[in-house]
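The primary structure of each chain is shown beneath.
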Amino acid sequence: MERVAVLGVGMVPVDEHWDRSMVDLAGEAALAAMTDAGMERVDALIVGNMTAAVGESGQLNLAAQIADWCGWRGLEAYKVEAACASGAAAFRAGIVTVASGQVDSVLVVGVEKMSQTESTLTTAALATAADADYEVPHGPSFVALNALIMRRYQHEYGWQHEDFAPFSVNAHANAARNPFARLRHTISVKEYSRARIVSDPINILDASPTGDGAAAIVLTRSGKVNGHANRPTVVVAASAVATDTIGIHSRREPLRLFAAERSAHTAYLQAGLRPDEMDFFELHDAFSIMAALSLEAAGMAEVGQGPRLAQEGAIRPDGSIPIATFGGLKARGHPVGATGVYQLVEVTRQLWGEAGDNQLSKARVGMAQSIGGTGATVVTHILRIKAKPASPSLRHSHA
Amino acid sequence: MEVSRHWRLKQQRYSLVGEVCPHCDSKIFPPRDICPDCGQEASQPYKFSGRGQVYSFTTVHNPPAGHEENAPYTVALVHLDEGPMVTAQLTDVGDKAVEIGMPVEMVTRKLRSDGERGILVYGYKFRPRLLPA
């Protein structure tokens, strides 16, 4: 797996880009990543997107359209879909494609255009991540499905709503320093507690904002020269996907993210690392309850104790396991199918030491995890700085 | 309008018909022909009693398209007495405060309508239990 390296990244700010089409956004992020990588052409383009076909956009053949926009007519290009984890699934497809040896380089683009759809239709589009026969006809919004989990979680483990506040407060504090974030303002615990209820117990400050966005990453086999002399080489240490039942009602333990546990476990085995060896974790905080469950599934908190890590400050940039270092889904924004690629761009920038005002003091190994639906498809990646072979002269100087 | 979907699901929507596994006796809803507990074939129909308890619930104020006429409404996960869980709306709650653990029973109600020329979609909802268990 460590044969695959990240060569360049690019993205557009998450926002309502009324003047830009879905393809404009994807193309802009794609070309930014190519410029960053110092390349003009890749061997394949893989696109992650969730709602282009179900929303008012009504667009399939998206990858071909983006390839053409970028001036790469003829290029191998196709789309990968895994609901809100589409971007991360596309990244995995890119890794596997490069690692197979069939191509030398792949451009992965995650893109979503949500602001041109009326809000009830956006709500309906997001609900397509749930079971169309046995969940959707009964009218739950995607928020409501998460609210069902959160209420029961509070009931089982005795947490109060306010105990989840540090997740949103931390995300907003980090987003305030990120020029690509959708919500660049801090919030207080009091504001969190008084926010408008969307679907009880979830309020507006538990929930991530949707938006228009695109992010892109160039992957290639390690060893290729990269134009940035000071950049450490970032390689893929692990890539793992696992699935669970699509409906919450079919899960034996609805308060556990089984697919997240399984994909994280597989990722740790691939990387040969333990949970406590992750320097930071870009998790899928679409709702504050999901942040808690992700920490538990990744083995960073005991089952039922996710909020404790937040209360103790472990999730902050100076804590033992920083999360949402650029604002996370909660405040950077959640352009659903693009989000997984944003997370991986952010992990890469941390590892390169190019995270600007969001730079962590220690960033050598980072994990990203994307959750499709309420936990049906979970994609986990671990990226790390490639270890340099020990130099004889260096060893000598220590002797 | 999804006419064929509603027709295909009529047994489940109107009568809560799932399956029972002939190998491990697990009761299955929604039906799926493969037992989620033992992994063997399980396509024998089984009619659920419709009785259960509220496992969790929430209120939808911002409904997805097609459900606007009913909002706000309460969606619940109902733990059926026979084992499986089902996602459904609560109805006929009146002034009663919904609580986790509240006993409920299945009733048939209108799930949605599809405009003046569309069809009316009926299916299961759950109400606070009236009959003795």
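Please refer to the structure placed before this passage.
Here is a short report on the structure shown in this document. Residue numbers restart at each chain and count upward from 1, following the sequence in its written direction. Chains carry letters and ligands carry numbers; both start at the beginning, A for chains and 1 for ligands, and go up in the order they are written. For this predicted model, a pLDDT threshold of at least 70 governs which residues receive local features, and a threshold of 80 or more governs which side-chain atom pairs are given and counted, while totals over whole chains, interfaces and linings are taken from all residues.

### Points about the overall build of chain B
Helix numbers and strand numbers start at the N terminus; a helix is a DSSP run of H or I with at least 4 residues, a strand a run of E with at least 2. Counting secondary structure elements, chain B contains 2 helices and 10 strands. When the elements of chain B are put in sequence order from the N terminus, they spell out α-α-β-β-β-β-β-β-β-β-β-β. Dimensions of chain B, computed from the C-alpha atoms along their principal axes, are close to 45 × 35 × 25 Å. A residue is called partly exposed when the number of other C-beta atoms within 10 Å of its own lies between 12 and 20, exposed at 12 or fewer, and buried at 20 or more, with C-beta atoms placed from the backbone. Of all 133 residues assigned to chain B, the portion counted as buried reaches 33%. Note on contacts: residues are paired as contacts if their backbone-placed C-beta atoms lie within 7 Å. Expressed as a percentage of contacts within chain B between residues at least 6 apart in sequence, the contacts between residues at least 24 apart total 49%.

### Some details on the nonpolar core
If you look at the biggest cluster of nonpolar residues, it comprises 168 residues, and the most contacted ones within it are Ile66(A), Val109(A), Ala216(A) and Ile217(A). When near neighbours in sequence (up to four residues on either side) are disregarded, Ile66(A) contacts Val23(A), Ala26(A), Gly27(A), Ala30(A), Leu45(A), Val47(A), Ala77(A) and Val109(A). Residues of type Ala, Val, Leu, Ile, Met, Phe, Trp, Tyr and Cys that are buried and joined through C-beta atoms within 7 Å form what is called a nonpolar core.

### Examining the interface of chain A and chain B
Each side of the interface is counted separately: chain A has 26 residues, and chain B has 30 residues. Top element by residues in the side of chain A that touches chain B is helix 5 (residues 142-157) of chain A. It accounts for 6 residues. Split into classes, the residues belonging to the side of chain A that touches chain B amount to 11 nonpolar, 10 polar and 5 charged. Polar here means any residue other than Ala, Val, Leu, Ile, Met, Phe, Trp, Tyr, Cys and Pro, which are nonpolar, and Asp, Glu, Lys and Arg, which are charged; Gly is therefore polar.

### Looking at unusual backbone geometry
Put simply, Asp200(A) and Pro201(A) share a cis peptide bond, and its omega is 5°. Along the polypeptide, Pro201(A) turns up in the loop between strand 5 (197-199) and strand 6 (202-203). Of note, the amide linkage connecting Phe29(B) to Pro30(B) takes the cis form, showing an omega dihedral of -5°. Residue position: Pro30(B) is located in the loop between strand 2 (27-28) and strand 3 (33-34). At Leu16(B), a residue that is not glycine, the phi angle is positive and equals roughly 50°. Mapped onto the elements, Leu16(B) comes out in the loop between helix 2 (10-15) and strand 1 (17-20). For Leu16(B), a count of 22 C-beta atoms within 10 Å puts it in the buried group. The backbone of Asp33(B) sits at a positive phi, close to 75°, despite the residue not being glycine.

### Concerning helix 3 (residues 86-99) of chain A
Each α-helix turn comprises 3.6 residues. Residues three or four places apart therefore point the same way. Residues and elements named next belong to chain A. Expected span, for any helix, means 1.5 Å times one less than how many residues it has. Between the first and last C-alpha of helix 3 there are 20 Å, a value that for 14 residues agrees with the 20 Å anticipated at 1.5 Å per step. Extensive coverage of helix 3 is indicated by the burial of 12 of its 14 residues. Residues Ser-86, Gly-87, Ala-88, Ala-89, Ala-90, Phe-91, Arg-92, Ala-93, Gly-94, Ile-95, Thr-97 and Val-98 constitute the buried set of helix 3. Gly-101 occupies a position one or two residues after helix 3 and carries a positive phi of about 85°.

### Regarding the sheet that holds strand 2 of chain B
Residue and element names in this part refer to chain B. Pairing between two strands is assigned when DSSP locates at least 2 bridges connecting them. Taken in spatial order, the 3 strands line up as 2-1-5 in an open sheet, and their pairing is antiparallel. Unpaired on one side and paired on the other, strand 2 and strand 5 (44-47) mark the two borders of the sheet. Note that strand 1 and strand 5 share 4 bridges and pair antiparallel. Bridge pairing links Val-17 to Lys-47 in strand 5.

### Description of the environment of Asp285(A)
Residues and elements named next belong to chain A. Considering the arrangement of structural elements, one finds Asp-285 in the loop between strand 9 (280-282) and helix 9 (288-297). For the pair Asp-285 and Ala-207, spaced 78 residues apart in sequence, the C-alpha separation works out to 8.3 Å. The contact partners of Asp-285, leaving out residues within four places of it in the chain, are Phe-167, Ala-171, Ser-208, Met-290, Ala-291, Ala-324, Gly-328, Leu-329 and Lys-330.

### Focus on the pairing of strand 1 of chain B
Here is the key point about a regular strand: its side chains alternate between the two faces of the sheet. Residues and elements named next belong to chain B. Sheet analysis places strand 1 next to strand 2, joined by 2 bridges and oriented antiparallel. Note on strand 2: the bridge partner recorded for Val-20 is Lys-27. A loop of 6 residues connects strand 1 with strand 2, the two strands running antiparallel in sequence, and Asp-25 in this loop sits at a positive phi of about 65°.

### Notes on the packing of helix 3 of chain A against helix 12 (residues 336-352) of chain A
All names here are of chain A. Viewed as axis vectors pointing N to C, helix 3 and helix 12 meet at an angle of 60°, and their least axial separation amounts to 5 Å. As the angle between them shows, helix 3 and helix 12 are arranged oblique. On helix 12, the residues that touch Ser-86, Gly-87, Ala-88 and Phe-91 of helix 3 are Gly-337, Ala-338, Thr-339, Gly-340, Val-341 and Leu-344. Angular values range over 0 to 180 degrees, each being the angle between N-to-C directions of two axes fitted as lines to C-alpha atoms, with helices fitted over their stretch in contact. Working rule for angles: under 35 degrees goes down as roughly parallel, over 145 as roughly antiparallel, 65 to 115 as roughly perpendicular, anything else as oblique.

### Let's talk about the packing of helix 1 (residues 22-37) of chain A against helix 2 (residues 62-69) of chain A
Each packed pair of helices is defined by two parameters, the angle between the axes and the distance between the axes. Residues and elements named next belong to chain A. As a packed pair, helix 1 and helix 2 sit with axes 9 Å apart at the nearest point and diverge in direction by 60°. Classed by the angle they form, the pair helix 1 and helix 2 counts as oblique. Considering the relative orientation of helix 1 and helix 2, their crossing is right-handed. Between helix 1 and helix 2, the contacting residues are Val-23, Ala-26, Gly-27 and Ala-30 on the first element and Gln-65, Ile-66 and Trp-69 on the second. Its residues assigned to classes, the contact of helix 1 with helix 2 shows 5 nonpolar, 2 polar and no charged. A crossing counts as left-handed when the near helix is turned anticlockwise from the far one by less than a right angle, and as right-handed when that turn is clockwise.

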